[in-house]
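Survey of secondary and tertiary structure
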2 protein chains.
Amino acid sequence: MTDAGTTAAVAGYGGVRAAVVGTGLIGGSILLRLREAGLDVTAWDPDPATRDQARGRGVPAPETVEAAVAGRDLIFLGGPLPTLPAFLPRIAGAGGPDCVLTDVGSTKAEVAEAAARHGLLDRFVPGHPMAGAESAGLAAAVPTLLEGAAWVLCPGPGAATAPFRWLTGLLLAVFGARVVPLTADEHDRAAALASHVPHLLAGALAGATQRTAAPDAVLTLAAGSYRDGTRVAATPAVRTVNMLLGNREQVLRELGGVQAYLEDLAQALRSGDTERLTALYDEAGATRALLTNRAYTDRVREFRADGDHTREVGWLREVGAAGGYLADCQVRGGGVRYVARLPHLVGP
Amino acid sequence: MTDAGTTAAVAGYGGVRAAVVGTGLIGGSILLRLREAGLDVTAWDPDPATRDQARGRGVPAPETVEAAVAGRDLIFLGGPLPTLPAFLPRIAGAGGPDCVLTDVGSTKAEVAEAAARHGLLDRFVPGHPMAGAESAGLAAAVPTLLEGAAWVLCPGPGAATAPFRWLTGLLLAVFGARVVPLTADEHDRAAALASHVPHLLAGALAGATQRTAAPDAVLTLAAGSYRDGTRVAATPAVRTVNMLLGNREQVLRELGGVQAYLEDLAQALRSGDTERLTALYDEAGATRALLTNRAYTDRVREFRADGDHTREVGWLREVGAAGGYLADCQVRGGGVRYVARLPHLVGP
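The rules we used
Within each chain, residue numbers correspond to sequence positions counted from 1 in written order. Chains carry letters from A onward and ligands carry numbers from 1 onward, assigned in written order. For this predicted model, a pLDDT threshold of at least 70 governs which residues receive local features, and a threshold of 80 or more governs which side-chain atom pairs are given and counted, while totals over whole chains, interfaces and linings are taken from all residues. The basis for every side-chain value is the complete set of non-hydrogen atoms in the structure, without hydrogens or water. Pairs of residues are marked as contacts when any of their non-hydrogen atoms sit within 4.5 Å. Using a 1.4 Å probe, buried area is obtained as the accessible area two parts lose upon being combined, added over both of them. Throughout this description, the term salt bridge denotes a Lys or Arg side-chain nitrogen within 4 Å of a carboxyl oxygen of Asp or Glu. Two N or O atoms form a polar contact when they lie within 3.5 Å of each other; inside protein one atom must be a possible hydrogen donor and the other a possible acceptor, and for residues adjacent in sequence the pair counts only when both atoms belong to side chains. Helix and strand definitions follow DSSP, with helices as H or I runs of at least four residues and strands as E runs of at least two, each counted in order from the N terminus. Charged means Asp, Glu, Lys or Arg here, nonpolar means Ala, Val, Leu, Ile, Met, Phe, Trp, Tyr, Cys or Pro, and polar covers whatever is left, Gly included. Here an angle of 0 to 180 degrees is reported between the N-to-C directions of two axes, which are lines fitted to C-alpha atoms, with helices fitted over the stretch in contact. With respect to orientation, any angle under 35 degrees is reported as roughly parallel, any angle over 145 as roughly antiparallel, any angle of 65 to 115 as roughly perpendicular, and every other angle as oblique. Only protein chains enter the calculation, and the probe is 1.4 Å; a residue is then buried if its accessible area is under 20% of its type maximum, exposed if over 50%, and partly exposed in between. Cysteine sulfur atoms that pair up within 2.5 Å are treated as a disulfide. By convention, the crossing between two helices is left-handed when the near helix turns anticlockwise from the far helix through less than a right angle, and right-handed when the turn is clockwise. Residues below a pLDDT of 70 in either copy are left out; the C-alpha atoms of the rest, at least 70 in both, set the least-squares superposition of the copies. To estimate the expected span of a helix, subtract one from its residue number and multiply by 1.5 Å. Side-chain rings of Phe, Tyr and Trp, where Trp is taken by its six-membered ring, are said to pair if the distance between their centres is within 6.5 Å; with planes under 30 degrees apart they count as stacked, over 60 as edge-to-face, and otherwise as tilted. Boundary definitions for the domains trace back to an automatic or database domain assignment.

Of the residues lining the interface, 94 residues belong to chain A; the matching set on chain B comes to 94 residues. Together chain A and chain B conceal approximately 8300 Å² of surface at their shared face, both sides included; 69% is due to carbon and sulfur atoms. Looking at the side of chain A facing chain B, the largest losses of area belong to Leu 221, Leu 269 and Tyr 281 of chain A, adding up to 9% of the total buried there. Counting every contact that joins chain A to chain B gives eight salt bridges. The partner of Arg 294 of chain B in a salt bridge is Asp 216 of chain A, with the nearest N and O atoms 3.5 Å apart. Linking chain A to chain B there are 28 residue pairs in polar contact (both at pLDDT 80 or more). Ranked by the residues each element gives to the side of chain A that touches chain B, the list is headed by helix α7 (residues 184-209) of chain A, at 19 residues. Taken together, the residues of the side of chain A that touches chain B sort by class into 52 nonpolar, 26 polar and 16 charged.

In structure tokens, the structure reads:
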């Protein structure tokens, strides 16, 4: 357990009244962690059996979503991706005018557009915690699922900046999150390669197996590379399909890049070009090594707490686009002070 | 630790004098486990520093390969794949006429052809333990690396059958291996999809990352799907390239099947065909589920110990092609008795 595990670490957020709407794997894990950290939580899910499960775990779960979110300071919106744009104005209306809203959907552009349409940009902070599992439902949820996770939040200028700062502080304190500030479009493009395309590759590898001469022998010989490379093919199909359709253009674009690299590898193999094949793998290996071995430098920046926050938001988005994340965010005495952690430049 | 961890479990093999030639990750792990199980072992590696390392661990490691294998009952041949065909006759000549030979290379057709050319089919049993890691060298070797692994052995008729049976019994007793009997060609075809193509996909995903708009943000958002899907891209490039070139035709054929499935997925996504996309993922998910959840039935078969073994070898190859493996092999009173574990039929 990190410092985030103690209630002391959430000082300043201990009195927050939060609600989680849609308590599947991700929403449920958020719910359990919020409660563990000592926050006042309520829950709602469209499935009556899931509401019963929440009650069985000691979380108030009223029959209607309106009752669950009434009087709350913060609402996390989860559930199937296509339902989020419609649910957002509904919980916003029931939650009161000062309530901060965020979601946990795996794509951000569509829900951000819905928020703009309904005039909710001032208090809706689009979010996406980068964690998950092949399992599903509140029964599979655990309070540690999102501990230390990269958690994208989309900062906006003007009135939107204050809720962003406040939510950032809460996620740092409660989840030990690495808060990554990105625009909705930048998120969707990066997530396409960081999460959605890998689901396509896993599906293709597992799916092609049954069409080979001896699928049973393939499964028996399956080494770590096959096991790891197909793991997310076991994700419930509906969840994967919603994710891919929700980010279609970006996924197809990034997939094109991966297919091109794959064809480069195949061409080098076909022609027995050892040198080219080795160079392509050296490049791939250098990138993979950065996942486990990337050096970061801390940068501290302060901004005035008032104003239109254009410079602040511009800087935040630069941090995220550069692969950085926020490690601290303190609002004090008319100013806001951030600590960002930025990776050293990734060479070619 | 399983039963394989105790010296008692290797009764009947305790007096075996074994040598391991090429003590990298796989060979080194075999060496350490053989010694742990109480066998008399020697080692040789072309790298003097590696020989020193072996000595540092208490294993005799003479300066020449000839000295290391002289008087041994069994030689495991490891090391870089392209070196195996040339090393095989060299260790066969130095090891004496009754010495059983096996290798641990990731492709089998080429080394089996070399054995045939040199008249070694009667005592060379082509082998491939299906395990590994991104790390390399004796320093990374551990005696548990191959515990319980699927371990392909290629049975041959006539005089080749007795060494196959004897080595099967040793691998079951010492490593708790699941011995998978396959022809060299069947192995290479199954391994192409079970191991080699996943390395191509991992290379493409990691390699394409640097060519995107914001590679740093992709790495920061990298979820489990990306981490798992790129893991083997960190394997030393030379090892991956040797493996792919050593099985080129089969790898390109199986890659074609995966590329076709990937294009099916992309086409369904492009056209927004939810139903088709879901059906493709349901099929992929059902196959992936078999990896962790496959039911087996035991089959016992007995054969005469003498004769030309054509029926015995035919049955063994059927077991492997059906996704089965050997769980026991006992030679007693003029007969041989196998217990094979066969998966229930994999439906479409």
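We are not done yet, so read on.
Contact geometry of α7 of chain A with helix α12 (residues 274-292) of chain B gives a least axis separation of 8 Å together with a crossing angle of 70°. In this view, α7 of chain A runs roughly perpendicular relative to α12 of chain B, as classed from their interaxial angle. Contacts between α7 of chain A and α12 of chain B involve His 199, Leu 200, Gly 203, Ala 206, Gly 207 and Thr 209 of chain A from the former and Tyr 281, Glu 283, Ala 284, Thr 287 and Arg 288 of chain B from the latter. For the contact of α7 of chain A with α12 of chain B, the class distribution of residues is four nonpolar, five polar and two charged.

Residues and elements named next belong to chain A. Under the counting rule described, the total for this entry stands at 38 salt bridges over all chains. A salt bridge links Glu 312 to Arg 165, with the shortest nitrogen-to-oxygen separation between them at 2.8 Å. With Glu 312 in helix α13 (residues 310-321) and Arg 165 in helix α6 (residues 161-175), this residue pair connects regions lying 147 residues apart in the sequence. Accessibility assignment for this pair places Glu 312 and Arg 165 in one class, buried.

Our focus in this paragraph is the state of the cysteines. In a disulfide, the sulfur atoms of two cysteines are held together by a covalent bond. All names here are of chain A. For the structure shown, the criterion picks out zero disulfides over all chains. Sulfur of Cys 154: no disulfide; nearest cysteine sulfur belongs to Cys 329 and is 16 Å away. According to the relative accessible area criterion, Cys 154 is buried, its value standing at 10%. Exposure remark for Cys 329: the relative accessible area of 9% places this residue in the buried category.

Residue and element names in this part refer to chain B. Remark: helix α7 (residues 184-209) packs on helix α10 (residues 237-245), axes separated minimally by 10 Å, with the N-to-C direction vectors making an angle of 125°. It follows from the interaxial angle that α7 and α10 lie oblique. For α7 against α10, the interelement crossing comes out left-handed. For the pair α7 and α10, the contacting residues are Ser 195, His 196, His 199 and Leu 200 in the first and Thr 240, Met 243 and Leu 244 in the second. A class-by-class count of the residues in the contact of α7 with α10 yields three nonpolar, four polar and no charged.

Quick look at unusual backbone geometry now. The backbone of His 309 of chain A sits at a positive phi, close to 65°, despite the residue not being glycine. Checked against the element boundaries, His 309 of chain A lands in the loop between β9 (296-304) and α13.

Attention now goes to the environment of Arg 117 of chain B. Note that Arg 117 of chain B resides in helix α5 (residues 109-117). In the structure, Arg 117 of chain B is positioned 32 residues away from Pro 85 of chain B in sequence and 10.0 Å away in space, judged by C-alpha atoms.

Turning chain A through 180° and shifting it by 0.0 Å along the axis lays it on chain B, with an RMSD of 0.0 Å. On this basis, the relationship between the two copies can be described by a two-fold rotation axis. Take the interface residues of chain A: 100% of them recur as interface residues in chain B, which is what a same-surface contact looks like.

With 26 residues, α7 of chain A should reach 38 Å at 1.5 Å per residue; the first-to-last C-alpha distance of 36 Å fits that figure. Among the 26 residues that make up α7 of chain A, 23 are buried, leaving the element largely enclosed by the rest of the structure.

A word on the packing of aromatic side chains. Aromatic ring pairs are defined here through the distance separating the ring centres and the angle between the ring planes. All names here are of chain B. Evaluation of the coordinates by the stated rule reveals 16 aromatic pairs over all chains. Taking 6.4 Å as the distance between ring centres and 55° as the angle between the ring planes, the aromatic pair formed by Phe 76 and Trp 151 counts as tilted. Of this pair, Phe 76 sits in strand β3 (residues 74-77) while Trp 151 sits in strand β7 (residues 150-153), and the two are 75 residues apart along the sequence. Here Trp 151 falls in the buried class, since its relative accessible area comes to 1%. Measuring from centroid to centroid gives 5.7 Å for Trp 315 and Tyr 338, while their planes differ by 40°, and the two rings are tilted. Taken together, the residues span a long stretch of sequence, with Trp 315 in helix α13 (residues 310-321) and Tyr 338 in strand β11 (residues 335-343) at a distance of 23 residues.

It is worth spelling out the domain arrangement of chain A at this point. All names here are of chain A. Taken as a whole, chain A is organised into domain 1 (3-182) and domain 2 (188-292). On a C-alpha basis, the centroid separation for the pair domain 1 and domain 2 is 31 Å. Listed per partner, the contact involves 14 residues of domain 1 and 13 residues of domain 2. Summed over both partners, the interface of domain 1 with domain 2 comes to about 950 Å²; 54% of that surface belongs to carbon and sulfur atoms. Taken as a group, Ser 106, Thr 107 and Glu 134 account for 50% of the area that domain 1 buries against domain 2, more than any other trio of residues on that side. Between the two partners, domain 1 and domain 2, sit zero salt bridges. Connecting domain 1 to domain 2 are four residue pairs in polar contact (both at pLDDT 80 or more). Partitioned by chemical class, the residues of the side of domain 1 that touches domain 2 number eight nonpolar, three polar and three charged.

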